[in-house]
Structures are given as structure tokens and as C-alpha cells.
Amino acid sequence: MENLTPTDYQLVQSKIYAIRNTQVMLDRDLAQLYGVQTKALNQAVKRNILRFPERYCFQLTQQEFENLKSQIVTSSGHGGRRTACGYDIPKEVVSEEIVNPIVHRDYTSLASVEVVLYSDRLEVWNPGQLPKGINLQDLAQPHSSHPVNPLLAEPMFLAKYIEKAGTGTTDIIEKCQQAGLLAPKFEVKAGCFFLTVHKAQDKAQESVQVLNQTEQGILKALQSGIKTSMQLLEALGYKSKTGNFKRAISHLLDIEYIEMTQPDNPTARNQAYKLNVENAKHLLDAKKQ
């Protein structure tokens, strides 16, 4: 690996991916760089496993592998031309979704901004409320701009990350319409602003594969009857309500695959969930086949 040329550096850089907030390389790519077989590399790691704790070497989950496949773009040559690819969600929409939390988040909150990419949608959770005088309905039309953090908004505008004050949400709606996507969903709950953008898909062709592992597990558990959150956690093998679990419940409720037993009192201590058999029927039938 000594005396690398600029082209070699480009090749190495193209083999680095971001997984679990860490820059990593796949075993096959590392083996190729060292001129050995992937099997031989993995065998060497297993023989010296104590030298490779999880912070240095870990196994991808199936979901991580699927997400990684969507990141990889076919290349030709050493870092040469890459084939053109389309985007499930317009770049401008993703950019706006990232800029919005920077300018509008509540920095006094200890909560984190969460950007979560699922197989069928992109979700952004931003700590904070809408500015005074602005409601969810206003976001669908041009409105006055009230950045929570004006000192951050100004450099964002000068750097052209913000094109025009008060048009961010309408731009997102317009770009989604132009791309043939469902209208983005804006929500405020539990002290956070939520934005969900769905990828293009034919709902009639949806299958259980568009749901993540937690969501599939919840549906499977509810096939045997009504269950509380604690019972679902136990069925999934979770020790507590993780962010992933909460998002899964929220998503399944949104797409009406499950229902609350007490919809008029969502925060009821004895709240439970049941399967919406009519809406989830095609998923259950797909799993039986």
C-alpha cells in the first residue's frame, strides 16, 4: 500500500462507505486492495478475532446490507466515470430537509435531530415547535419567515442553501409533485417537528419487504391478537421503547396497518394495538406464499 498514486487514492476513497456513523470498507474491497481472496481475509480475522473488536470490524445486518446496495453506484476503471443514476427523492428535497433542522431546531433541547432513511420513505425529526403565528396549514403556501436561529439562517442564505425566506416547505411540496411523489407530511408532536417524504411506489404493489424488520415483527406479533406496547416489546426481544420501535408504531399507524384500541386517547397507559386486517391483508397473504 506504499507509494500510492493519485489514481490509487481515488480508488481507495471510492471503496469507503459510511455505516453506523463510521467510515468502513467491505471485506471484498479490502481483500482486493491487498491482493488476497475475501475468504482468506475473513479466515485471518477469525483466527485473530481478539485483535478485531467490534469498533474495528463488524458484521452488517440485512437492513444495513440493503441500504448499502442502494448507495453503491457502478463504476468503470479506477475511480473513472460512473453511470448516471436517478434519485428516489429529489436532491433539493433532501437538502431542504437537512437545512431546516439547522436553522429551526431548538438548541436548548437535549434531543437530537434524527434523519432516518427507510426503504419507502425519508423521515426527519427536529426538536422544536413551529414559530408563533405559523400553523401546519400555512406550510403548504408562501408564508412569512421566522427562523428560530437567525444567526444561522443568514449564512445559510448567503451560501445559497436557502433560496428565499419562507419558501422551504412549499419548495419541498412542489419538488415532490414534480417527481410524482405523494405530498410530504408535516407534523408536530411530542415537542418535535416531523417531516416525512415517501419514495415513489405503487401502493397496490407494496409487499412486506417495504417495511423494516421491526415493523414486520410488530405485524407478525399482532396476528395472534391485540397487544400492548410492553407485549410487543417482549415479542420483539426489546428491553425498552427504542426510537426505532416508536417510529415503527407511528409508521404502521400512519399507513393504517395497525390501529389503537383507544384512538381517542393515544397516550392512555393501557393503550394497545390491533391489526387492521383489511389494509394489511395483502402483506399477510404475501408472507403465506
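The coordinates are above.
Read on for an overview of the structure. (Residues numbered from 1 in each chain as written. Predicted model: local features only at pLDDT ≥ 70, side-chain atom pairs only at ≥ 80, totals over all residues. Heavy atoms only, no water.)

### So, the overall build of the protein
Part 1 of the argument: In terms of regular secondary structure, the protein is built from eleven helices and nine strands.
Part 2 of the argument: In the protein, which comprises 289 residues, the proportion classed as buried is 33%.
Part 3 of the argument: Intrachain contacts of the protein at a sequence separation of at least 6 include 56% that bridge at least 24 residues.
Part 4 of the argument: Summed over its atoms, the accessible surface of the protein is roughly 19100 Å², and 52% of this surface lies on carbon and sulfur atoms. (Helix = DSSP H or I, 4+ residues; strand = E, 2+ residues; numbered from the N terminus. Buried < 20%, exposed > 50% of the residue type's maximum accessible area, 1.4 Å probe, protein only. Contact = heavy atoms within 4.5 Å. Areas by Shrake-Rupley, 256 points an atom, 1.4 Å probe, with all protein chains shown as cover.)

### Side note on the sheet that holds strand 6 (residues 192-198)
Part 1 of the argument: Spatial ordering of the open sheet is given by 3-4-6-5, a layout of four strands whose pairing is antiparallel. Where the open sheet ends on each side, the last strands, each with one partner, are strand 3 (114-117) and strand 5 (185-189). Each adjacent strand pair in this sheet contributes to an overall mean axis angle of 15°, direction not counted.
Part 2 of the argument: As paired strands, strand 5 and strand 6 are joined by five bridges and run antiparallel to one another. Within strand 6, the residue paired with Glu187 across the bridge is Phe194.
Part 3 of the argument: The sheet strands contacting helix 5 (residues 91-104) are strand 3, strand 4 (121-127) and strand 6, and the helix crosses strand 4 at an angle near 10°. (Pairing = 2+ DSSP bridges. Axes fitted to C-alpha atoms, helices over the stretch in contact; angles between N-to-C directions.)

### As for the packing of helix 2 (residues 27-34) against helix 3 (residues 38-47)
Part 1 of the argument: Put simply, helix 2 and helix 3 touch, their axes get as near as 8 Å, and they point 105° apart. Put simply, helix 2 runs roughly perpendicular to helix 3. Judged by residue contacts, Asp27, Arg28, Leu30 and Ala31 of helix 2 engage Thr38, Leu41 and Asn42 from helix 3.
Part 2 of the argument: When the residues that make up the contact of helix 2 with helix 3 are grouped by side-chain class, the tally is three nonpolar, two polar and two charged. (Parallel < 35°, antiparallel > 145°, perpendicular 65-115°, else oblique. Nonpolar A, V, L, I, M, F, W, Y, C, P; charged D, E, K, R; others polar.)

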